[in-house]
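The primary structure of each chain is shown beneath.
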Amino acid sequence: METKVKKESLAAKEDSKAKTEMKKKDVAEPKAGTKKSSAATEKDKKSGEEFRDFFIDELKDILWAERALLKALPKMRKAATGKELAASFDSHLAETEAQISTLEQVFDLMGEKPKTKKCDAMEGLISETESIIADTEKGSAIRDAGLILAAQKVEHYEIATYGTLAAFADAMQEAKVAKLLRSILRDEKKSDKKLTTLALESVNEDASEE
């Protein structure tokens, strides 16, 4: 009888021990899951910071580009033969000044100072514009056609840049930033359209007859 009681007592102890071990395991498992979730969050946070840094870097690039264009436009206006083309460069100059101001607002919204980074693409486009001026005759429609070509290359670069940057801002849920960038994008598209109209209505035909 005593042996049976001992066996039952021993079995009860083993059952209690097993239940305790199960509880420990249940407690340990959520902790492991929490640790994994925390690691994933940290990874996402780091990834988000890298994307933001890349975005800021590209803002610096286009700010440099706009400031460089601001210096080049008066030269393009001076080289232009047609009054309408010269006027379009004057208009673009004023727009560029406003766009630089808008970009500075974007930097402010992002909590950054409006710094620049050399834009190799814009440097190349401006260099090409200077070559067109040097290679064409002063007062010719051919020069005007070349200037429109150069200006539209610049516009297309800017359109691609601002469109992409606005999409980046959307991805980061920076609605105000995206709105400002799209306002510049609209200006660039309008300028490009004006240049196309000017080329098709007179400049290209005049250039072909010289």
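Refer to the structure above for everything that follows.
Quick summary incoming for the structure in this document.

Conventions and cut-offs
Residues numbered from 1 in each chain as written. Predicted model: local features only at pLDDT ≥ 70, side-chain atom pairs only at ≥ 80, totals over all residues. Heavy atoms only, no water. Helix = DSSP H or I, 4+ residues; strand = E, 2+ residues; numbered from the N terminus. Buried < 20%, exposed > 50% of the residue type's maximum accessible area, 1.4 Å probe, protein only. Contact = heavy atoms within 4.5 Å. Core = buried A, V, L, I, M, F, W, Y, C linked by side-chain atoms within 4.5 Å. Axes fitted to C-alpha atoms, helices over the stretch in contact; angles between N-to-C directions. Parallel < 35°, antiparallel > 145°, perpendicular 65-115°, else oblique. Left-handed = near helix turned anticlockwise from the far one by under 90°. Nonpolar A, V, L, I, M, F, W, Y, C, P; charged D, E, K, R; others polar.

**Some remarks on the side chain of Gln 99**
Thinking step 1. When you line up the elements, Gln 99 lands in helix 2 (residues 83-109).
Thinking step 2. When its relative accessible area of 1% is taken as the criterion, Gln 99 is described as buried.
Thinking step 3. Filtering out sequence-adjacent residues up to four positions away, Gln 99 remains in contact with Glu 66, Ile 184, Asp 187 and Glu 188.

**Topic: the nonpolar core**
Thinking step 1. Membership of the largest hydrophobic core comes to 50 residues, with the highest contact counts inside it found for Phe 55, Leu 59, Leu 85, Phe 89, Leu 103, Leu 147 and Leu 181.
Thinking step 2. Among the elements of the structure, helix 1 (2-79), helix 2, helix 3 (120-135), helix 4 (141-171) and helix 5 (175-209) are those that each provide at least two residues to this core.
Thinking step 3. Setting aside chain neighbours within four positions, we find Phe 89 in contact with Leu 73, Met 76, Arg 77, Ala 80, Leu 147 and Ala 151.

**Observations regarding the packing of helix 2 against helix 4**
Packed helices, taken two at a time, are described by the angle between their axes plus the distance between the axes.
Thinking step 1. Between helix 2 and helix 4, the shortest axis-to-axis distance is 12 Å and the interhelical angle comes to 20 degrees. On the basis of the axis angle, helix 2 is roughly parallel to helix 4. Two packed elements cross with a definite hand, and for helix 2 against helix 4 that hand is left-handed. When helix 2 is examined against helix 4, the residues Leu 85, Phe 89, His 92 and Leu 103 are found in contact with a partner set consisting of Asp 144, Leu 147, Ile 148, Ala 151, Glu 155, Glu 158 and Tyr 162.
Thinking step 2. Residues of the contact of helix 2 with helix 4, tallied by class, amount to 7 nonpolar, 1 polar and 3 charged.

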